[in-house]
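An overview of the molecular structure
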Amino acid sequence: MIRLESCRKEYANETQRAVPPEETLARVRGVLPAAGITRIADITNLDRIGIPVFSGIRPTAEAGAISVYNGKGATPVEAEVSAMMEGIERCSAEQGDRPLLTGRYSDLAADGNTVLDPADLILPARAPADFPIPWVAGYDLLQDEEILVPAHAVFHPLPVTCGRLFRTNTNGLASGNTLEEAVFHALMEVVERDAWSLVEVRRSTCPEVTGIAGGLAAELLETFATAEVEVRIRDMTSDIGIPTFAAVSDDLLLRDPTLLTIGMGTHTNAGIAVLRALTEVAQSRLTQIHGAREDTDTADVRKQLGYERTKRLNRHWFAESEERDFAAIPSCDSSDFLTDITHTAERLRAAGFGRVIAVDLTREDIGIPVVRVIVPGLEVFAMDQERMGARCRDARDRRLPRPEP
C-alpha cells in the first residue's frame, strides 16, 4: 500500500526537488555500484551549445534494455544527478527476481481480486484475448485501493517467457528523493506522452509560445541562438490542462537532419515545464552527437532523407503557427509535491480518467525511491504506434478539441 504525505520542495531551478541536487548527489554516489552504474561522464563539450548533459553507463542492463543513459540540467550538478537517477530508474524497472502472479484476467477477477482489465491499457490489435499473463500489485491513488496490473505495464524489459501483451517501455517511470517526488514526476511523464501522442496523430502545428523574457528560460534560449540553433517553444497542453511544451530545435549552421530535435517538458508550473523542455532539447542533441541512441533506425532514415525532406515530413513541428503569449498560459504552483499530485489527479478525474495507479519499484539494496505510474486510457501512440486509443482516434478525427488558452 502506498501512502503519500506532505513533501515540501526545498529546491527550484530548472526543476523542483525535495532537497538540493548537491544533497542528492552525495547520497546517490554511494549506491551506484548496487545499481550497476560504472561510469558517469560529462559530455557537455561534445556539443557547441554548452548546456550541461551527463552520461551514465550501466553495462549489466538486462537484454532488451539500453545501457547508456543521459541526464540534463541547467547546472552541471543537476545534469549529473539526472544521469545517475535515470540509471537507477532503469535498474529498478527490471523484474530481476521479484515474484509475479500469473493468471488470466477473468480468473483473477472471478476470485474476488481488484484487477485492471488489460484492454484499458490500449492493446495492439494483435494482442490475444484473456490469456495467462504475469501480474503485480499496485495502488490506485484515486480509488484508494490495491489493484493487480499487468507486469507488462510495470517492468522494462520483461522476459519473453512472460508473453507479449505489448512492447514494454519506460513511460511513467520516475525516481525521486522521496516517494512523493517520484510519483509527481512519473505523473508528469504520462501526461506529457499523452499530449505528445495527440499532437502526432493530429499532425497540426501547436501554437508558438512567445513573451519569454528574463529568467533562466530566456538565458537558455539566448544560449541556443548564440550557437545558431533556432529553438521554438510549442504549447502542446492537452485537455487535461497540465502545462506541456515542446522545444523544437533546428541547427541553422550544420543543417543536419539528425539534429532536428525535440525536447519536452510537463509540469504544474508552466515556467518549470518550459525549462525542462529546453534542457531536454539540449540533451536530445547530445544524444545524437554522442551516439547513445535508443532508436538508431530513425537517425539512419533521416540521414537518407536529408535535411529539407526530414523537415517537410515533420512540418507540424517546424511550420509557422499562431502565437500564444507565455503570460496567458495557466500555471499552478505550490510548495508541496502532495499538493501538485492532488491537483494533477483531479485534472485527470475531470478529464474522465478513473484510475491513477502507482507501483513502488524501490529496490531495498539501492534505497532510492522509484515508482511506475499508470493512468489507464492515457495515450502512448507517440512511443508505440501499434497502440492507438480512443483519445488519439478522437483527436485524429478532430472530435477531441484543443484546450483554449
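Definitions and cut-offs
- Residues numbered from 1 in each chain as written.
- Predicted model: local features only at pLDDT ≥ 70, side-chain atom pairs only at ≥ 80, totals over all residues.
- Heavy atoms only, no water.
- Helix = DSSP H or I, 4+ residues; strand = E, 2+ residues; numbered from the N terminus.
- Buried < 20%, exposed > 50% of the residue type's maximum accessible area, 1.4 Å probe, protein only.
- Contact = heavy atoms within 4.5 Å.
- Lys, Arg positive; Asp, Glu negative; His and termini not counted.
- Charge placed at Lys NZ, Arg CZ, Asp CG, Glu CD.
- Polar contact = N/O pair within 3.5 Å; in protein donor to acceptor, adjacent residues only side chain to side chain.
- Core = buried A, V, L, I, M, F, W, Y, C linked by side-chain atoms within 4.5 Å.
- Phe/Tyr/Trp six-rings, centres within 6.5 Å; stacked < 30°, edge-to-face > 60°.
- Pairing = 2+ DSSP bridges.
- Axes fitted to C-alpha atoms, helices over the stretch in contact; angles between N-to-C directions.
- Parallel < 35°, antiparallel > 145°, perpendicular 65-115°, else oblique.
- Left-handed = near helix turned anticlockwise from the far one by under 90°.
- Nonpolar A, V, L, I, M, F, W, Y, C, P; charged D, E, K, R; others polar.
- 1 Å grid on protein atoms, 1.4 Å probe; cavity = no way out; pocket = protein on both sides within 12 Å on 5 of 7 lines; lining within 4 Å.
- Points joined across faces, edges and corners; volume = space filled by probe spheres on them.
- Salt bridge = Lys/Arg side-chain N within 4 Å of Asp/Glu carboxyl O.

The name an unreviewed UniProt entry assigns to the protein chain is YcaO-related McrA-glycine thioamidation protein, from the organism Methanoculleus frigidifontis.

1. Considerations on the overall build of the protein chain
A count of helices and strands for the protein chain gives eleven helices and 16 strands. Its C-alpha atoms put the protein chain at 65 × 50 × 45 Å along the principal axes. Out of the 405 residues belonging to the protein chain, those deemed buried represent 55%. The contacts of the protein chain with a sequence gap of at least 6 include a subset with a gap of at least 24, amounting to 69%. Averaging the positions of the 44 positive and the 62 negative side-chain charges in the protein chain gives two centres separated by 6 Å.

2. Looking at the side chain of Asp340
Position of Asp340 relative to the elements: it lies in helix H10 (residues 337-350). In terms of polar contacts, Asp340 uses its side chain to reach the side chain of Ser334, at 2.7 Å. Sequence-distant contacts of Asp340, that is, excluding residues within four places in its chain, are made with Lys9, Gln16, Phe184, Thr268 and Ser334.

3. A look at the nonpolar core
In terms of nonpolar packing, the biggest core is built from 39 residues, with Val28, Ile88, Val149, Val154 and Ile374 touching the most fellow members. When contributions to this core are tallied by element, the ones reaching two or more residues are helix H1 (21-29), helix H2 (76-92), strand E7 (133-140), strand E8 (145-150), strand E15 (357-360) and strand E16 (370-374). The greatest single-element share of this core, amounting to five residues, is contributed by H2. Those residues in contact with Val28 that sit more than four places away from it in its chain are Met84, Met85, Ile88 and Ile368. In terms of nonpolar packing, the next biggest core, distinct from the first, is built from 28 residues, Ala174, Phe184, Ala186 and Val373 among them.

4. So, the environment of Pro76
Looking at where Pro76 falls in the secondary structure, it is placed in helix H2. A relative accessible area of 48% means that Pro76 is categorised as partly exposed. Separated by 263 residues in the primary sequence, Pro76 and Thr339 have C-alpha atoms spaced 29 Å apart. When residues no more than four places from it in sequence are discounted, the contact partners of Pro76 are Pro52 and Phe54.

5. Examining the packing of aromatic side chains
In the structure shown here, the tally under the stated rule is two aromatic pairs. Seen in terms of ring centroids, Phe184 and Phe337 are 5.7 Å apart; in terms of plane orientation they differ by 45°. Their pairing is tilted. With Phe184 in helix H4 (residues 179-202) and Phe337 in helix H10, this residue pair connects regions lying 153 residues apart in the sequence. One exposure class covers both Phe184 and Phe337, and it is buried. When the centroid spacing of 6.4 Å and the interplanar angle of 50° are considered together, the rings of Phe245 and Phe326 count as tilted. Placement of the pair is Phe245 in strand E12 (residues 244-251) and Phe326 in the loop between strand E14 (323-325) and H10, with a sequence separation of 81 residues. Phe326 gets classed as partly exposed once you look at its relative accessible area, which sits at 22%.

6. With respect to the sheet that holds strand E4 (residues 53-57)
As summarised here, the arrangement of the three strands in space is E3-E4-E5, forming an open sheet in which the pairing is antiparallel. Each edge of the open sheet is held by one strand with a lone partner, namely strand E3 (39-42) and strand E5 (68-72). Here the strands of the sheet are splayed against their neighbours by 25° on average, with no regard to which way each runs. In this structure, E3 lies alongside E4, joined through four bridges in antiparallel fashion. Residue Arg39 lies in a different strand from E4, and its bridge partner there is Ile57. Here H2 sits on the sheet in contact with E3, E4 and E5, set at roughly 145° to E5.

7. Section: the packing of H1 against H2
In the contact formed by H1 and H2, the axes pass within 9 Å of each other and the chain directions differ by 40°. Relative to H2, the element H1 lies oblique. Pair H1 / H2 crosses with left-handed handedness. Residues Pro21, Glu22, Thr24, Leu25, Val28 and Arg29 of H1 pack against Val77, Glu78, Glu80, Val81, Met84, Met85 and Ile88 of H2. Classifying every residue of the contact of H1 with H2 gives eight nonpolar, one polar and four charged.

8. Comments concerning empty space enclosed by the protein
Leftover empty space is mapped by rolling, across the atoms, a probe with the size of a water molecule. Applying the stated criterion to the full structure yields four cavities of 30 Å³ or more. The volume enclosed by the largest cavity comes to roughly 220 Å³. Around the largest cavity sit 18 residues that line it, and Leu121, Asn171, Ile374, Val380 and Arg387 are the ones nearest its centre. Examining the composition of the lining of the largest cavity, we find that three residues originate from one element, E16, more than from any other. A per-class count over the lining of the largest cavity returns ten nonpolar, four polar and four charged.

9. Notes on the pattern of salt bridges
Scanning all chains against the criterion turns up 29 salt bridges. Among the salt bridges present, the one from Glu200 reaches Arg203, with a minimum N-O distance of 3.5 Å. We classify Arg203 as partly exposed; its relative accessible area is 44%. Of the charged contacts in the structure, one is a salt bridge between Asp365 and Arg363, with a shortest N-O distance of 2.6 Å. Here Arg363 falls in the partly exposed class, since its relative accessible area comes to 24%. Residues joined in a network through salt bridges with shared partners are Arg126, Arg164, Arg167, Asp384 and Glu386.

10. Things to note about the pairing of strand E13 (residues 261-266)
Extensive coverage of E13 is indicated by the burial of five of its six residues. In this structure, E12 lies alongside E13, joined through six bridges in antiparallel fashion. By the bridge assignment, Ser249 is partnered in E13 with Thr261.

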